[in-house]
Amino acid sequence: MTAHPPVAAQRGRRRPRRAVTSFAAVAALVAGAALTGCAQQRDSDVYTVMNSSTDESYHRWDAEAMARCGTQLGIRIEQQSVPAAQVMTKALRMASSKSLPDIVQFDASEMPTFAEAGGLVDLRTLGLETDEIPRGIVEFGSYRGTYYGAARSVNTLALFYNKDTLDRAGLKIPATWDELRDTAKQLTEGKRYGLALSAGGAEDGVFQFTPFMWSNGGDETELDSPQVVEALDYWKALLQDGSLSRSTVNWTQADVNDQFMAGNAAMMINGPWQVETLNTDESLHWGIAQIPVPQAGDASVGPLGGAVLTVPKTGDEDRRRTAGRIVACLAGEKEQLTYALNSWMVPANEKAAAVWRDRVPELDALADQVAEARSRTGRLGAGWPSVSLALQSAFQSALTGRSSEAALKRAQQRATSGNRGTRP
């Protein structure tokens, strides 16, 4: 979005910060729903999917996919869309009233919280297979080794660049940190900055920092390590060079895209959800590349973003089995490809992804970036939100004057306190 941003900012639109829900509250509500079953009387032929597809295009694409799967399965599938920031709280309210939908599409960074509380069904017990899904994407939908969430498509970040601006300057696409810093410095001129990225105090900024942290060997379990400090120092160096706007600390990924399209940035870090908007300006000739790495030959490791389809425990075994078939259809190879071609995301299924590469060769670098990408919650599970909040504060502090080392030392203290007892 993201987040997402996460569902990382569908089409790059601004999203409010999510509240971090306590595990104890989630566990109490979810356990009650799972143990006592559904109080709500349901139509046996109507199944509900709750998602965050409030955007008109996404809502329509999902409705069309659900209609196709409903016809195939002989049932009716209804879509209930709420803003992305409200999916978790809405699911909790429905759990407390024992009226959970048959399927919930969670942002993958939030899914572990519901899974740890015991509220989700292992999709493999419902017949869903993962043989044709890359390991990283299986882990993206898993918690403590159990496969709870099926991704239809995934996204990650890449380096977008203005082809005309680089050509006029006689510069090549940067591949290393040194090259990116030098190129950004040379392209900074007048009102135009060499690079735009999001370092705002929300999940957008954390999402954008992870490629620099991970590609440098840093880890979310040790935020004050030399590798993470060096990554944040690199951001500070770009700011000190004048290659980044001082407003970077306030920008979302949507803001970054606006700056790029307005010609106020020659390059940007962003995701494929911006492509539809970028293509509305026919005079803008853009390209994408993998995010530069510390040294030539290093792997460019970005974050996997997107959502996963889950089946909540509602106490109704028959509906649970049918919900599994709905997920299998929506996350099947054919529907994945259709959805990915509409949304510019990368299909999770390997066969669908191969076809996608042929159909949208201009985004081939994005598929390469996805191949090395990893889940933000893979190591910390439900403890990720505490790390995210700690990093958000660290960015604001370090990019406005404090040393990276001091800011990240404080972040590690906050994250460790917030994650006690939550690590897998």
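The rules behind each value
In this convention, every chain numbers its residues from 1, walking through the sequence in written order. The predicted origin of the model limits local features to residues at a pLDDT of at least 70 and limits the giving and counting of side-chain atom pairs to 80 or more, whereas totals for whole chains, interfaces and linings rest on all residues. Values shown for side chains rest on all heavy atoms present in the structure; no hydrogens or waters enter the calculation. Going along the chain from the N terminus, every DSSP run of H or I of four or more residues is numbered as a helix, and every run of E of two or more is numbered as a strand. Residue burial is assigned from relative accessible area. The probe radius is 1.4 Å, only protein chains are included, and a residue is buried under 20% of its type maximum, exposed over 50%, and partly exposed in between. Every accessible area reported is derived by Shrake-Rupley at a probe size of 1.4 Å, with residue values counting cover from the shown protein chains alone. Here a polar contact is recorded for every N or O atom pair within 3.5 Å, except that within protein the pair must consist of a potential hydrogen donor and a potential acceptor, and residues adjacent in sequence are included only if both atoms are side-chain atoms. Salt-bridge detection follows one rule: a side-chain nitrogen of Lys or Arg within 4 Å of a carboxyl oxygen of Asp or Glu. Any residue with an atom within 4 Å of a point lines the site, the site being either a cavity, points on a 1 Å grid over the protein atoms alone where a 1.4 Å probe fits but cannot get out, or a pocket, an open set with protein on both sides within 12 Å along at least 5 of 7 lines. Grid points are joined across faces, edges and corners, and a volume is the space filled by probe spheres set on the points. Under the scheme applied here, ten amino acids are nonpolar (Ala, Val, Leu, Ile, Met, Phe, Trp, Tyr, Cys and Pro), four are charged (Asp, Glu, Lys and Arg), and all others, including Gly, are polar. Any two strands between which DSSP finds at least two bridges are classified as paired. In this analysis, axes come from line fits to C-alpha atoms, helices being fitted only over the stretch in contact, and the angle between any two N-to-C directions falls in the range 0 to 180 degrees. Contacts: residue pairs with any heavy atoms within 4.5 Å of one another. Here, two cysteine sulfur atoms that lie within 2.5 Å of each other are counted as a disulfide. When we speak of the arc, we mean the arc of directions from the helix axis to the C-beta atoms. Working definition: rings of Phe, Tyr and Trp (its six-membered ring) pair if their centres are within 6.5 Å, and the pair is stacked with planes under 30 degrees apart, edge-to-face with planes over 60 apart, and tilted otherwise. Throughout this description, the term charge over a ring refers to an Arg CZ or Lys NZ atom that lies within 6 Å of the ring centre and within 35 degrees of the ring normal.

An unreviewed UniProt entry lists the chain under the name ABC transporter substrate-binding protein, from Streptomyces pratens.

Visitor: Please explain the overall build of the chain as it appears in this structure.
Guide: Counting its secondary structure elements, the chain contains 17 helices and 11 strands. When burial is assessed residue by residue, the chain has 59% of its 424 residues classed as buried. When the accessible surface of the chain is totalled, it reaches about 16500 Å², and 45% of it is carbon and sulfur.

Visitor: In this structure, what is going on with unusual backbone geometry? I would like to understand it.
Guide: Note on backbone geometry: most residues besides glycine have negative phi, and most peptide bonds are trans. For K98, which is not glycine, the phi dihedral falls at a positive 55°. With respect to the helices, strands and loops of the structure, K98 is situated in the loop between α3 (87-96) and β3 (103-107). Look at K98 and you get partly exposed, because its relative accessible area is 27%. In the Ramachandran plot, W344 falls in the positive-phi region, its phi being about 70° despite a non-glycine side chain. On the secondary structure map, W344 appears in the loop between α13 (333-343) and β11 (346-347). Here W344 falls in the buried class, since its relative accessible area comes to 18%.

Visitor: Any chance you could explain the side chain of R319 here in plain terms?
Guide: As for its position among the elements, R319 is in helix α12 (residues 317-330). At 2.9 Å, the side chain of R319 and the side chain of D102 are in polar contact.

Visitor: How should the pattern of salt bridges be read in this particular structure?
Guide: Proximity of charged atoms lets side chains of opposite charge pair with each other. Tallied over the entire structure, the rule returns 18 salt bridges. The shortest N-O distance in the salt bridge between R76 and E78 comes to 3.1 Å. Looking at E78, the relative accessible area reads 35%, which means it is partly exposed. A salt bridge links D219 to R379; the nearest nitrogen and oxygen atoms lie 2.0 Å apart. Here the residue D219 occupies a position in the loop between α8 (203-215) and α9 (226-241), and R379 occupies one in the loop between α15 (364-372) and α16 (384-398), the gap between them amounting to 160 residues.

Visitor: Teacher, can you tell me more about the layout of surface pockets here?
Guide: Using a probe with the size of a water molecule, rolled over the atoms, empty space left in the structure can be pinpointed. Here the second largest pocket defines a volume of roughly 330 Å³. Along the walls of the second largest pocket sit 17 residues, with E139, S375, T377, G378 and R379 positioned nearest its centre. Broken down by secondary-structure element, the contributors of at least two residues to the lining of the second largest pocket are α5 (135-140) and β4 (142-143). Of the residues forming the lining of the second largest pocket, the biggest block, 3 residues, is contributed by α5. For the lining of the second largest pocket, a count of residues per class yields 5 nonpolar, 7 polar and 5 charged.

Visitor: Sorry, what's going on with the sheet that holds strand β9 (residues 286-289) here?
Guide: The pairing of strands in a sheet happens through backbone hydrogen bonds and is either parallel or antiparallel. In spatial order, the strands read β8-β7-β9; together these 3 strands make up an open sheet with antiparallel pairing. Of all the strands in the sheet, the pair left with one neighbour each is β8 (267-270) and β9. Averaged over all neighbouring strand pairs, the angle between strand axes comes to 30°, with direction disregarded. In terms of strand pairing, strand β7 (residues 158-162) meets β9 through 4 bridges, oriented antiparallel. Along β9, the bridge assignment pairs F160 with I288. Contacting β7, β8 and β9, helix α10 (residues 253-261) crosses the sheet at an angle of about 155° to β8.

Visitor: Which parts of the structure should I look at to understand the state of the cysteines?
Guide: Put plainly, two cysteines are in a disulfide when a covalent bond ties their sulfur atoms together. Applying the stated criterion across every chain yields a total of 1 disulfide. A disulfide bridge connects C69 with C329, and the sulfur atoms are separated by 2.0 Å. Here the disulfide of C69 and C329 is left-handed, its torsion about the S-S bond being about -90°. In this pair, C69 sits in helix α2 (residues 56-73) while C329 sits in helix α12, placing the two residues 260 residues apart along the sequence. Both residues of the pair, C69 and C329, belong to the buried class.

Visitor: Please clarify how empty space enclosed by the protein should be interpreted in this entry.
Guide: Considering only enclosed or pocket space, the second largest cavity measures out at about 40 Å³ in volume. What lines the second largest cavity is W61, E64, A65, R68, R152, E335, T338, Y339 and N342. Of all elements in the fold, only α2 and α13 reach the threshold of two or more residues within the lining of the second largest cavity. Of the residues in the lining of the second largest cavity, the class split is 3 nonpolar, 2 polar and 4 charged.

Visitor: Whenever I open this one, the sheet that holds strand β10 (residues 307-310) confuses me. Can you help?
Guide: Pairing is mixed across the open sheet formed by 4 strands, whose spatial order is β2-β1-β3-β10. Either end of the sheet is taken by a strand with one partner, and the two such strands are β2 (76-81) and β10. Each adjacent strand pair in this sheet contributes to an overall mean axis angle of 20°, direction not counted. Both strand β1 (residues 46-51) and β3 contribute to a ladder of 2 bridges, which runs parallel. For V49, the partnering residue across the bridge sits in β3 and is I103.

Visitor: I'm lost on α3 in this one. Help?
Guide: The α-helix winds at 3.6 residues per turn, so residues separated by three or four positions along the chain end up facing the same way. Every buried residue of α3 is accounted for by V87, M88, A91, L92, M94 and A95. Buried residues of α3, viewed axially, fall in a sector of 165°; they line one side.

Visitor: Honestly, the packing of aromatic side chains in this entry has me stumped. Any pointers?
Guide: Here the structure, examined in full by the defined rule, presents 12 aromatic pairs. Judged by centre distance (5.1 Å) and plane angle (40°), the ring pair of F106 and F114 falls under tilted. Here F106 matches F114 in class, with each residue buried. Taken together through their ring pairs, the aromatic side chains of W177, F209, F212, Y234, W235 and F395 make up a single cluster. Lying over the aromatic face of Y339, R152 brings its terminal NZ or CZ to 4.1 Å of the ring centre.

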